[in-house]
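The residues making up each chain are set out below.
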Amino acid sequence: MSTTQSSSESVILQQYYRDLISGSHILHYHNVVDAFGHLSVRHPFKPEIFIMSRNAAPGVISSPNDLVEYNIEDARAVDPNAAAGFAERCIHSECYKRYPDVHSVIHSHSEAVVPYTISGVSLRACYHMAGFLGTSVPVWDFADAQQPDDISDLLVRNTHLGSSLAATFGTSDSKDGSPQHVVALMRGHGLTVLAAGIQDCVMRAIYTQKNAAIQTTALSMRAADSSATAPIKYLSQKEVADTTSWIKTSAHRPWGLWLREVEACGLYANSA
Ligand SMILES: [Zn+2]
């Protein structure tokens, strides 16, 4: 590897660090994560490694020193002396392992979304900003994957639970390495979101939460009005496809706004 390449890779890696930290702040600013939840990214030059923060609230991480490299194979830190990591990092490792095209993962306990993990009401695309949700979002149940040695705290603490969750996304028929779904719900717990990059992943997580709030409002309005007879009009299969294509070209706009929001907020610092 030439010095020039090495320098160029260093610049790219530094931007990944910066986006990972800012993305974590954005998710906190928008209440997708609180003290819990996490964002990760696949290493841009070592596809067998992913990067996520040490065990800390996403709103308070502030420098590359807060970030840790993990092996996708077993979710162990590359550096055995690294700071303690999140208990649920197997969510991330197993999703990267199963889907080569996935380069960013978010896990959240969004309170707007959790009701759809326990109620039997299917979360589905309600408006054009969330077509990526499709006509139904799969729900993974910890109890279905639990083995006798697993603690019943619903946390994804090992590779077999992570692998089971990752399988819930399904495999796309159209392209090798792509998941069929990009969001999966976790019963009594939260959700996991997949994307090809940090910006898209953050956007999907935020608009999944907004979509859940819209759907809950629509369902509540229906329940309160006995004269309403027509079914709720969710997005059709064709609308899902077309809005998903459109939003792929628009991720930069909300990212730019959300970045300014967290940069203007004194709570957050990013030295990467
Ligand atoms: Zn969790």
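Residues numbered from 1 in each chain as written. Predicted model: local features only at pLDDT ≥ 70, side-chain atom pairs only at ≥ 80, totals over all residues. Heavy atoms only, no water.

The name an unreviewed UniProt entry gives the chain is Class II aldolase and Adducin N-terminal domain-containing protein, with Exophiala viscosa as the organism.

**Q** Can you explain helix 5 (residues 159-168)? Please cite residues and give values.
**A** Among the residues of helix 5, those classed as buried are Leu161, Gly162, Leu165, Ala166 and Thr168. With its buried residues spanning 145 degrees around the axis, helix 5 presents them on a single face. On its buried face, helix 5 sits against helix 2 (89-98), strand 5 (139-140), helix 4 (142-145), strand 6 (183-186) and strand 7 (190-195). Capping the start of helix 5, Asn158 holds a side-chain oxygen 3.3 Å from the backbone nitrogen of His160, two or three residues further along. A positive phi of about 70 degrees marks Gly170, the residue just after helix 5. (Buried < 20%, exposed > 50% of the residue type's maximum accessible area, 1.4 Å probe, protein only. Helix = DSSP H or I, 4+ residues; strand = E, 2+ residues; numbered from the N terminus. Arc of directions from axis to C-beta. Contact = heavy atoms within 4.5 Å. Polar contact = N/O pair within 3.5 Å; in protein donor to acceptor, adjacent residues only side chain to side chain.)

**Q** Describe the side chain of Asp66, naming the residues involved and giving the relevant values.
**A** Of note, Asp66 is situated in the loop between strand 2 (49-53) and strand 3 (67-71). The class of Asp66 is buried, set by a relative accessible area of 8%. Leave out the neighbours within four places in its chain, and Asp66 touches Met52, Ser53, Arg54 and Ile61.

**Q** Hey, could you go over the packing of helix 2 against helix 5 for me, with residue numbers and the actual values?
**A** As a packed pair, helix 2 and helix 5 sit with axes 8 Å apart at the nearest point and diverge in direction by 55 degrees. With respect to helix 5, the axis of helix 2 lies oblique. Between helix 2 and helix 5 lies a crossing whose hand is right-handed. In this structure, helix 2 contributes Cys90, Ile91, Glu94, Cys95 and Arg98 to the contact, and helix 5 contributes Thr159, Gly162, Ser163, Leu165, Ala166 and Ala167. In the contact of helix 2 with helix 5, the residues fall into six nonpolar, three polar and two charged. (Axes fitted to C-alpha atoms, helices over the stretch in contact; angles between N-to-C directions. Parallel < 35°, antiparallel > 145°, perpendicular 65-115°, else oblique. Left-handed = near helix turned anticlockwise from the far one by under 90°. Nonpolar A, V, L, I, M, F, W, Y, C, P; charged D, E, K, R; others polar.)

**Q** Before we move on, could you go through the coordination of the zinc ion and cite the residues and values that matter?
**A** Binding of the zinc ion to the protein goes through Glu88 (OE), His107 (NE2), His109 (NE2) and His189 (NE2), at separations of 2.0 to 2.1 Å. Relative to the metal, the four donor atoms surrounding the zinc ion lie at angles of 95 to 143 degrees, and the coordination shape comes out irregular. Here the donor residues of the zinc ion are spaced in sequence according to E-x18-H-x1-H-x79-H. With a gap of 101 residues between them, Glu88 in the loop between strand 3 and helix 2 and His189 in the loop between strand 6 and strand 7 connect regions that are remote in the sequence. Comparing Glu88 with His189 shows no difference in burial state: the two are buried. (Donors = N, O, S within 2.8 Å, 3.2 Å for Na, K, Ca; no water. Tetrahedral: all angles 85-135°; square planar, octahedral: opposite > 155°, others 65-115°.)

**Q** Please set out the pattern of salt bridges residue by residue, giving values where relevant.
**A** Within the structure shown, the criterion is met by six salt bridges. A salt bridge links Asp153 to Arg157, with the shortest nitrogen-to-oxygen separation between them at 2.8 Å. Judged by relative accessible area, Asp153 falls into the partly exposed class, the value being 29%. Of the charged contacts, one joins Asp242 and Lys238 as a salt bridge, the two residues approaching to 2.6 Å between their closest N and O atoms. A residue pair is termed a helical-turn pair when its members lie 3 or 4 positions apart in one helix, as Asp242 and Lys238 do in helix 7 (residues 237-248) at four residues. Of the residues examined, Asp242 reaches a relative accessible area of 43% and is grouped as partly exposed. (Salt bridge = Lys/Arg side-chain N within 4 Å of Asp/Glu carboxyl O.)

**Q** Could you give me a rundown of the sheet that holds strand 6, with the residues and numbers involved?
**A** Taken together, seven strands build an open sheet; the order of strands is 3-2-1-4-7-6-5 and the sheet is mixed. In this open sheet, the two edge strands, each paired with only one partner strand, are strand 3 and strand 5. Its contacts with the sheet put helix 2 on strand 1 (38-42), strand 2, strand 3, strand 4 (104-108), strand 6 and strand 7, and the angle it makes with strand 4 is roughly 145 degrees. Against the sheet, helix 6 (residues 198-224) engages strand 1, strand 4, strand 6 and strand 7, with an angle of about 145 degrees to strand 7. (Pairing = 2+ DSSP bridges.)

**Q** How would you summarise the packing of aromatic side chains if you had to cite specific residues and measurements?
**A** Tallied over the entire structure, the rule returns six aromatic pairs. Pairing Tyr99 with Phe169 gives two aromatic rings, centres 6.3 Å apart and planes at 80 degrees, and the pair type is edge-to-face. Here Tyr99 is found in the loop between helix 2 and strand 4, whereas its partner Phe169 is found in the loop between helix 5 and strand 6, with 70 residues between them in sequence. You can call Tyr99 buried: its relative accessible area is 1%. Between Tyr207 and Trp258, the ring centres sit 6.0 Å apart and the planes meet at 40 degrees, which makes this aromatic pair tilted. With Tyr207 in helix 6 and Trp258 in helix 8 (residues 252-263), this pair connects stretches of sequence that are 51 residues apart. Its relative accessible area of 5% is what places Trp258 among the buried residues. Members of the aromatic cluster, connected to one another through ring pairs, are Phe50, Tyr70 and Tyr96. (Phe/Tyr/Trp six-rings, centres within 6.5 Å; stacked < 30°, edge-to-face > 60°.)

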